[in-house]
Amino acid sequence: MKQVPKGFKDHFLWGGAVAACQIEGAYDVDGRGLSTSDIHAYDSRMDRAHIEKEGGGTLEGIMAAMNDTTSYFPKRHGIDFYHTYKEDLALLQELGLKAFRTSISWSRIFPRGDEEEPNEKGLEFYDNLIDEIIRCGMEPIITMSHYDIPLYLVTEYGGFGNRKMIDFFVKYAKVLLERYKGKVKYWIVCNQVNLVPTVQFGSLGIYDDQAENMEELMYQAVHNQFVAGAKVVELGKTIDPDALLGTMVADGTFYPATCDPKDVVLTMKKNRMQYYFTDVQLRGEYPVYALRYFEENGIHLHIEDGDEELLKRNPMQFLAISYYSSKVVDHKRNTIKAFDGSQNSYLEPTPWEWRADPLGFYNCLSQYWDRYQVPIMIAENGLGALDIVEEDESIHDGYRIDYLRKHIEQLKECVKDGVDILAYLSWGPIDIVSSSSAEMSKRYGYIYVDLDDLGEGSGKRFKKDSFYWYQRVIQSNGETLE
């Protein structure tokens, strides 16, 4: 008979997660080409609580950003991890991380994206980085595509809206799988595949005026990404059978605002359209509810012969999830459209209106486990906050410790329910540029980086109170949370 787990399994992968486009910098070094993240300018006038889209724009706007010499583009510079990775990984080793998730910049390997041969200088950087991660005693968990699509593939091909992107991506993935066979066990193929239209530019490489029916183009691009992902899984089985390839979603699980049946049913339908992405990639087929949505909303997908069989043969092998906060659905204010939700009045606001909800963490993980019964990786979880450096260079971030403690407590409840959790990777263990707002002020790290929103500062690293707290959590395998 199965036993009820008492806690996290031995050798549980406690870790942290970053992305190349937010940490590396060196955007014009060693042959790297521009990527979708490199044209996200910092805007001091932004409304932090209402960021509708992350980067992108019209084709004309994209071209203008490429030639803009006056604006500041933080993701081009990150925290200069390209040159400081050894020192930074040493700090994360001291923290005690058992795993480190990062991504590979596609435009560092194929600067335009359509070259026949990869950029060897770019590969050499990742050779050294992955070797250093392993040397520091951490499991490398690598994302193949994390908002780093070569910009040339956007301006010249229209991103994943063009089926040619499938072959470009598969060629890129094949290089990675062959190069890092035996070194990388866990691959996340595409970051947060469901976070559209919020990040459709970074994730899919489609721009705002690319088509008359942008929703149709978006779902077509998603389909092309699904096909590319299935081909990569098929390749992985041959190239490195010991590796596991997974998909990743940003949790979009909503609560009904009230017990009004109209709120309840709309919430169910919205949640189901979030599960659509994982239904296709984990169950291997398009669910009828999604086909009905497409039909009723004038969305016509071009699905080639063999696509459906390919998806069925090659489901993803684990599910990675990012979780930060939750929202509610009110049928009077919200629609079926993705991520159109309302704030929960029972939860406390933050400057970015990402309202913390630890019980929502338990809820979403339980729902995904019950639906799929596949191993789950917590690929991102954390609190972005405005940290204050004291005169003695200490940072007292008890608010971050409180957030993480409550979420790990709920993660442990999931473990006790039998959910197979592979890893817990808190987001941004060292401060990096924010993905959504392109600012340094929104800090997640256990390690403070002395850079401001315009990249000014010493770049010096300081340990926050949370550094020592998470160190104790790891040492106790999640038993010490105070």
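Residues numbered from 1 in each chain as written. Predicted model: local features only at pLDDT ≥ 70, side-chain atom pairs only at ≥ 80, totals over all residues. Heavy atoms only, no water.

## Points about the overall build of the protein chain
For the protein chain, the helix and strand inventory stands at 15 helices and 12 strands. For 482 residues, the compact-globule estimate of 2.2 N^0.38 gives 23 Å, and the protein chain sits close to it at 21 Å. Burial analysis of the protein chain (482 residues in total) assigns 60% to the buried set. The long-range share in the protein chain, meaning contacts at least 24 apart out of those at least 6 apart in sequence, stands at 78%. Of the accessible surface of the protein chain, which amounts to about 19,400 Å², a share of 49% is contributed by carbon and sulfur atoms. Distance between charge centroids for the protein chain: 4 Å, based on 52 positive and 76 negative side chains. (Helix = DSSP H or I, 4+ residues; strand = E, 2+ residues; numbered from the N terminus. Rg over C-alpha atoms; globule rule 2.2 N^0.38 Å. Buried < 20%, exposed > 50% of the residue type's maximum accessible area, 1.4 Å probe, protein only. Contact = heavy atoms within 4.5 Å. Areas by Shrake-Rupley, 256 points an atom, 1.4 Å probe, with all protein chains shown as cover. Lys, Arg positive; Asp, Glu negative; His and termini not counted. Charge placed at Lys NZ, Arg CZ, Asp CG, Glu CD.)

## Some points on the pattern of salt bridges
According to the stated counting rule, one finds 38 salt bridges in the structure shown. Between Glu94 and Lys463 there is a salt bridge, with its nearest N and O atoms 2.6 Å apart. Of the two residues, Glu94 sits in helix 3 (residues 81–95) while Lys463 sits in strand 12 (residues 461–463), which places them 369 residues apart along the sequence. On the basis of relative accessibility, which here comes to 27%, the residue Lys463 falls in the partly exposed class. Residue Glu285 pairs with Lys312 through a salt bridge whose shortest N-O separation is 3.2 Å. (Salt bridge = Lys/Arg side-chain N within 4 Å of Asp/Glu carboxyl O.)

## Observations concerning the layout of surface pockets
Considering only enclosed or pocket space, the largest pocket measures out at about 1,300 Å³ in volume. Taken together, 50 residues make up the lining of the largest pocket; nearest its centre are Leu195, Thr198, Lys327, Phe339 and Trp354. The element that contributes the greatest number of residues to the lining of the largest pocket is helix 9 (residues 214–239), accounting for 4 residues. Each residue belonging to the lining of the largest pocket can be placed in one class, and the counts come to 19 nonpolar, 18 polar and 13 charged. (1 Å grid on protein atoms, 1.4 Å probe; cavity = no way out; pocket = protein on both sides within 12 Å on 5 of 7 lines; lining within 4 Å. Points joined across faces, edges and corners; volume = space filled by probe spheres on them. Nonpolar A, V, L, I, M, F, W, Y, C, P; charged D, E, K, R; others polar.)

## Quick word on the nonpolar core
Grouped together as the largest cluster of nonpolar side chains are 154 residues, with contacts concentrated most on Met144, Phe169 and Tyr276. Tyr276 has contacts with Tyr219, Val222, Phe226, Tyr286, Pro287, Tyr289, Ala290 and Phe294, leaving out every residue within four places of it along the chain. (Core = buried A, V, L, I, M, F, W, Y, C linked by side-chain atoms within 4.5 Å.)

## Some remarks on the side chain of Arg461
Topologically, Arg461 is positioned in strand 12. Of the polar contacts made by the side chain of Arg461, one reaches the side chain of Thr84; its length is 3.2 Å. Engagement of the side chain of Arg461 in a polar contact is seen with the side chain of Asp88, the distance being 2.9 Å. Not counting residues within four places of it along the chain, the set of residues in contact with Arg461 comprises Ile79, Thr84, Asp88, Leu91, Ile430, Ile447, Tyr448 and Val449. (Polar contact = N/O pair within 3.5 Å; in protein donor to acceptor, adjacent residues only side chain to side chain.)

## Concerning the environment of Ile299
Counting through the fold element by element, Ile299 comes out in the loop between helix 11 (288–296) and helix 12 (307–313). For Ile299, a relative accessible area of 4% puts it in the buried group. Expressed as a C-alpha distance, the spacing of Ile299 and Trp187, which sit 112 residues apart in the sequence, is 31 Å. Dropping the residues within four chain positions of it, Ile299 is found in contact with Glu215, Glu216, Tyr219, Tyr293 and Phe294.

## Digging into the packing of aromatic side chains
Within this structure, the stated rule accounts for 37 aromatic pairs. A centroid spacing of 4.9 Å and a plane angle of 70° characterise the contact between Phe125 and Tyr126, whose relative ring orientation is edge-to-face. Taking the relative accessible area as the measure of exposure, Phe125 reaches 6% and is therefore buried. We classify Tyr126 as buried; its relative accessible area is 1%. Counting every residue linked through ring pairs, the aromatic cluster contains Phe8, Phe12, Trp14, Tyr424, Tyr446, Trp469 and Tyr470. (Phe/Tyr/Trp six-rings, centres within 6.5 Å; stacked < 30°, edge-to-face > 60°.)

## Some remarks on the sheet that holds strand 3 (residues 139–145)
Taken in spatial order, the 8 strands close into a barrel running 1-2-3-4-5-7-9-10, and their pairing is parallel. Along the sheet, successive strands turn relative to each other by an average axial angle of 25°, direction set aside. On top of the sheet, helix 5 (residues 120–135) reaches strand 2 (99–103) and strand 3; it is set at about 145° to strand 3, its chief contact. (Pairing = 2+ DSSP bridges. Axes fitted to C-alpha atoms, helices over the stretch in contact; angles between N-to-C directions.)

## Comments concerning the packing of helix 10 (residues 261–283) against helix 11
Two elements in contact, helix 10 and helix 11, have axes whose closest approach is 9 Å; the angle formed by their N-to-C orientations is 115°. The way helix 10 lies across helix 11 gives a crossing that is left-handed. Residues Arg272, Met273, Tyr275, Tyr276 and Asp279 of helix 10 pack against Tyr289, Ala290, Tyr293 and Phe294 of helix 11. By residue class, the composition of the contact of helix 10 with helix 11 is 7 nonpolar, no polar and 2 charged. (Left-handed = near helix turned anticlockwise from the far one by under 90°.)

## Thoughts on the state of the cysteines
On inspection of all chains with the given rule, the structure shows 0 disulfides. We note that Cys21 lacks a disulfide partner, and the nearest cysteine sulfur, in Cys190, lies 13 Å from it. (Disulfide = S-S within 2.5 Å.)

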